[in-house]
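# Residue-level structure breakdown
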Amino acid sequence: MPDLLDGWPRSRRRGHTVTDAYITGVSSTLDREYDLPERDLALHAILQALDGAGAEPTDIDGLYLPKPRPWAEQGFFSTLVSDRLGVAPDRRLEVYTGGTSGGNAFHAAVGDVRAGRVETAVVAAVERNSTIDTADYFEYILDIFDREFQAPAGPSVPGIYAQSLQRYCHEFDADREAVAAIAAKNRSNAAGNPAAVFGEELTAAAVLDSRPIADPLRLLECPTPCDGAAALVLTAGAGGGSSTAPVRVSGVGAGHATSHLLGVRDGSLARFPAVGTATEGALADAGTSADAVDVFEPYAPFPHVEAVITEELGLYEPGDGAAACVRGETAVDGPHPVSPSGGCLGRGHPAMVTPLLNYIAAVGQLRGEAPIQVPGAERALTTSEHGHVDGVTATVLEVDG
Amino acid sequence: MSDRSPALPDERYTRRFWTALADGRLLLHRCAGAGCGQAFFPPGPVCPHCGGRDVDWTAVDPGGKLYSFTRQHVTPPGFDAPLVVGLTELAAGPRLLTPIAADYGALTVGTPVEVVPAAPPGEVDRGDLADYPYFEAVPVEPE
Ligand SMILES: [Zn+2]
């Protein structure tokens, strides 16, 4: 049965007072390397996003940040940023849950705006991967694995995802080249996105020709860390200061699996149930369905993750998500466009910033300003994930037509 | 505190796993009593399948099948590349991440393996467990 209230602002839909949260300002910056402290990158992003929203730092009453990575020089980052901005927000938090940090910070802000606790929230993230050498990064990664039972085996993040890719191909007889086609699509999409760092017109064969990182994963199927910062302004109500179409946060959802990097015990390593839980929650909150989403900007650091996300969304049968890419169905002009921004693989992947980059890519689509535009996009869905998709956030954004 | 609350362990909860492994035995946990009865790993005070708290140590057959595997060409410091690691699914149920003592090209999903005590493949500070063997999966002839 169609939801007749589909698309209505939640305040009216619910029949009681719930304030809608709108994204009224965005800013992002991304490159291989910035020779600037995290502080300056973050302040620049925040001020630019405030300008877009027609707001001033003194308007900020909520500040929400992923805690910068352990190798960032500056600790207590959110208090430092508040001090430099001259603000004393009612709510302020720094959250660290790996790749979902940005998603959790954003959802905390949405919750406070919806509850009426905050009127002008800033969500900001910064990450510099140029400041950590490979050996130290690997040491950090070993520590996210179970120190006692997993780390002594020497696992890496690609090494774990390589194993879910093995299962994806094994269980669903998925074509290996179809999986690589997803990486080719996203890197090719990024070639049309001036803000992306790793855009390149590529074929699936060229992806499979790149050197192996963790068999069967190839270099061009792995995201490249880089430096970047991003900020969004969330306001209670659409506001008057913004010159462009206000984008409403219509749905939020989260999923947390019983797993620590090795998949759920009772199921396949090639299924990511936290995605299903999170997206179902977000779509229900928005009163809509996956079929009615015009564009997806998921957090998919490896190509089969994007395929499984489309499968968990119910758009495709298990194993068919990769084939759908080959059929062109997830291309920008397909029925279910996925990652027109280039996503993690094409844009570059500072993990604390990536969830915000996904929101911002979605906002660009809904405003009709995306570099690779899905014509007439009115509803977008984004995700974030951490570990081996052990935790997921999902968010639905819409423009009120 | 209720009567149900356990006492603080007087040593690392998982010590018996390592002591048994050093002895060549694979000692995991099994959900007992009115619980689901499934074996699980790593050992801990709550059954991750059903939430049951009546759990007990159980020796299991070290045999299983390779559930998935990879060959890492980029490895953490202290680990030689390439490094073959994978997930062994024991006949008893649980999956363990292990180094694999075999060439990548000799492996397929489903290769019969045994999980046996072995020196860890690289240098990870294991703290007070440093003197215990770690484990690895070794291909075996199919039964
Ligand atoms: Zn149980």
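Note that the coordinates shown come from a computational prediction; the quantities given were computed from them, not determined experimentally.

Here we take up the packing of aromatic side chains. Within this structure, the stated rule accounts for 17 aromatic pairs over all chains. When the centroid spacing of 5.0 Å and the interplanar angle of 75° are considered together, the rings of Phe 149 of chain A and Phe 41 of chain B count as edge-to-face. Remark: Phe 41 of chain B occurs in the loop between strand S2 (39-40) and strand S3 (55-60) and Phe 149 of chain A occurs in the loop between helix H5 (134-144) and helix H6 (157-172); the pair is interchain, linking two chains. Phe 149 of chain A sits in the buried class, given a relative accessible area of 4%. Assessed through its relative accessible area of 7%, Phe 41 of chain B is described here as buried. A network of ring pairs unites the aromatic residues Phe 149 of chain A together with Phe 17, Trp 18, Phe 41, Tyr 134 and Phe 135 of chain B as a single cluster. In this structure, Arg 95 of chain B packs its charged tip against the face of Tyr 67 of chain B, placed 3.8 Å from the ring centre.

Here we take up the interface of chain B and chain A. At the interface, 40 residues of chain B touch 37 residues of chain A. Overall, the association of chain B and chain A removes approximately 3,100 Å² of surface from exposure, summing both partners, and the carbon and sulfur fraction of that is 58%. Considering only the surface of chain B that becomes buried against chain A, Tyr 67, Val 74 and Leu 97 of chain B emerge as the three largest contributors, covering 18% of it. Across the chain B-chain A interface, the total number found is 2 salt bridges. Salt-bridge contacts for Asp 215 of chain A lead to Arg 71 of chain B; the nearest nitrogen and oxygen are separated by 2.8 Å. There are 21 residue pairs in polar contact (both at pLDDT 80 or more) connecting chain B and chain A. Only helix H1 (15-22), strand S4 (63-72), strand S5 (83-90), strand S6 (95-99) and strand S8 (134-139) of chain B provide two or more residues apiece to the side of chain B that touches chain A. A total of 6 residues in the side of chain B that touches chain A trace back to one element, the largest contributor, which is S4 of chain B. Split by residue class, the side of chain B that touches chain A holds 25 nonpolar, 10 polar and 5 charged.

The subject of this paragraph is H1 of chain B. Residue and element names in this part refer to chain B. Every buried residue belonging to H1 is among Arg 15, Phe 17, Trp 18, Ala 20 and Leu 21, and all of these are buried. Its buried side turned inward, H1 meets strand S1 (26-31), S3, strand S7 (112-118) and S8. Downstream of H1 by a residue or two, Gly 24 has a phi angle that is positive, lying close to 85°.

All right, on to helix H13 (residues 354-367) of chain A then. Since the α-helix packs 3.6 residues into each turn, any two residues three or four apart lie on the same face. Residue and element names in this part refer to chain A. Helix length check: H13 (14 residues) gives 20 Å between terminal C-alpha atoms against 20 Å at 1.5 Å per residue, within 8%. H13 sits mainly inside the fold: 14 of its 14 residues count as buried. Once H13 ends, the next one or two residues include Gly 368, with phi positive near 75°.

All names here are of chain B. A large share of S1 lies buried, amounting to 5 of its 6 residues. Inspection of the sheet shows S1 paired to S3 by 6 bridges, in the antiparallel sense. When the sheet's bridge partners are listed, Arg 30 is paired in S3 with Asp 56. As judged from the 2 bridges shared by S1 and S2, these two strands associate in the antiparallel manner. Paired with Arg 30 across the bridge in S2 is Ala 39.

Time to look at the domain arrangement of chain B. Size of an interface, as often reported, equals the accessible area lost when the parts are brought together. Residue and element names in this part refer to chain B. Domain annotation for chain B reports domain 1 (15-60) and domain 2 (63-139). Just the C-alpha atoms count here: the centres of domain 1 and domain 2 sit 20 Å apart. Both sides of the domain 1 and domain 2 interface together cover about 1,100 Å² of buried area, and 77% of this is carbon and sulfur. In this structure, the connection of domain 1 to domain 2 is made through 1 residue pair in polar contact (both at pLDDT 80 or more). Counting only elements with at least two residues in the side of domain 1 that touches domain 2, the list comes to H1, S1 and S2.

Here the focus is the coordination of the zinc ion. Residues and elements named next belong to chain B. Every protein donor of the zinc ion is accounted for by Cys 31 (SG), Cys 36 (SG), Cys 47 (SG) and Cys 50 (SG), and the metal-donor separations fall at 2.3 to 2.4 Å. The coordination sphere of the zinc ion comprises 4 donor atoms, whose angles at the metal cover 100 to 115°; the geometry is tetrahedral. Spacing between the donor residues of the zinc ion along their common chain follows C-x4-C-x10-C-x2-C. Of this pair, Cys 36 sits in the loop between S1 and S2 while Cys 50 sits in the loop between S2 and S3, and the two are 14 residues apart along the sequence.

To continue, consider the nonpolar core. General note: in soluble globular proteins, nonpolar side chains tend to be found buried as a group. In terms of nonpolar packing, the biggest core is built from 88 residues, with Tyr 168, Val 305 and Leu 313 of chain A together with Phe 17, Trp 18, Leu 26 and Phe 135 of chain B touching the most fellow members. Counting residues domain by domain, this core receives three or more from each of domain 1 (15-60) and domain 2 (63-139) of chain B. Every residue in contact with Phe 17 of chain B, bar those within four places of it in the chain, is listed here: Phe 149 of chain A together with Leu 26, Leu 27, Leu 28, Phe 41, Pro 43, Trp 57 and Phe 135 of chain B. Of all hydrophobic cores here, the second largest spans 36 residues; its members include Ala 21, Val 123, Ala 362 and Ala 377 of chain A.

Secondary-structure assignment places Gly 86 of chain B in strand S5. On the basis of relative accessibility, which here comes to 0%, the residue Gly 86 of chain B falls in the buried class. When near neighbours in sequence (up to four residues on either side) are disregarded, Gly 86 of chain B contacts Gln 163 of chain A together with Ser 68, Phe 69, Leu 96, Leu 97, Thr 98 and Ile 100 of chain B.

A few words now on the sheet that holds strand S10 (residues 379-386) of chain A. All names here are of chain A. If you walk across this open sheet you meet the 9 strands as S3-S2-S4-S7-S1-S8-S11-S10-S9, and the pairing is mixed. Of all the strands in the sheet, the pair left with one neighbour each is strand S3 (91-95) and strand S9 (295-297). Averaged over all adjacent pairs, the angle separating strand axes in this sheet is 20°, with direction ignored.

With respect to the helices, strands and loops of the structure, Val 207 of chain A is situated in helix H8 (residues 204-209). Through-space distance from the C-alpha of Val 207 of chain A to that of His 386 of chain A is 24 Å; in sequence the pair is 179 residues apart.

Across chain B, the average pLDDT comes to 95, with 97% of residues at or above 70. Interface confidence for the predicted complex, given as ipTM, is 0.96, next to a pTM of 0.95.

With 94% of its residues at a pLDDT of 70 or more, chain A has an overall mean of 94. Across residues 1-14 of chain A the pLDDT falls below 50, and counting only partners more than four positions away or on other chains, this stretch makes 27 contacts in the model.

Reading guide: rules and limits
Residues numbered from 1 in each chain as written. Chains lettered and ligands numbered in written order. Predicted model: local features only at pLDDT ≥ 70, side-chain atom pairs only at ≥ 80, totals over all residues. Heavy atoms only, no water. Phe/Tyr/Trp six-rings, centres within 6.5 Å; stacked < 30°, edge-to-face > 60°. Helix = DSSP H or I, 4+ residues; strand = E, 2+ residues; numbered from the N terminus. Buried < 20%, exposed > 50% of the residue type's maximum accessible area, 1.4 Å probe, protein only. Lys NZ or Arg CZ within 6 Å of the ring centre and 35° of its normal. Contact = heavy atoms within 4.5 Å. Buried area = accessible area lost by both parts, 1.4 Å probe. Salt bridge = Lys/Arg side-chain N within 4 Å of Asp/Glu carboxyl O. Polar contact = N/O pair within 3.5 Å; in protein donor to acceptor, adjacent residues only side chain to side chain. Nonpolar A, V, L, I, M, F, W, Y, C, P; charged D, E, K, R; others polar. Expected span 1.5 Å × (residues − 1). Pairing = 2+ DSSP bridges. Domains from an automatic or database assignment. Donors = N, O, S within 2.8 Å, 3.2 Å for Na, K, Ca; no water. Tetrahedral: all angles 85-135°; square planar, octahedral: opposite > 155°, others 65-115°. Core = buried A, V, L, I, M, F, W, Y, C linked by side-chain atoms within 4.5 Å. Axes fitted to C-alpha atoms, helices over the stretch in contact; angles between N-to-C directions. pLDDT = per-residue confidence, 0-100.

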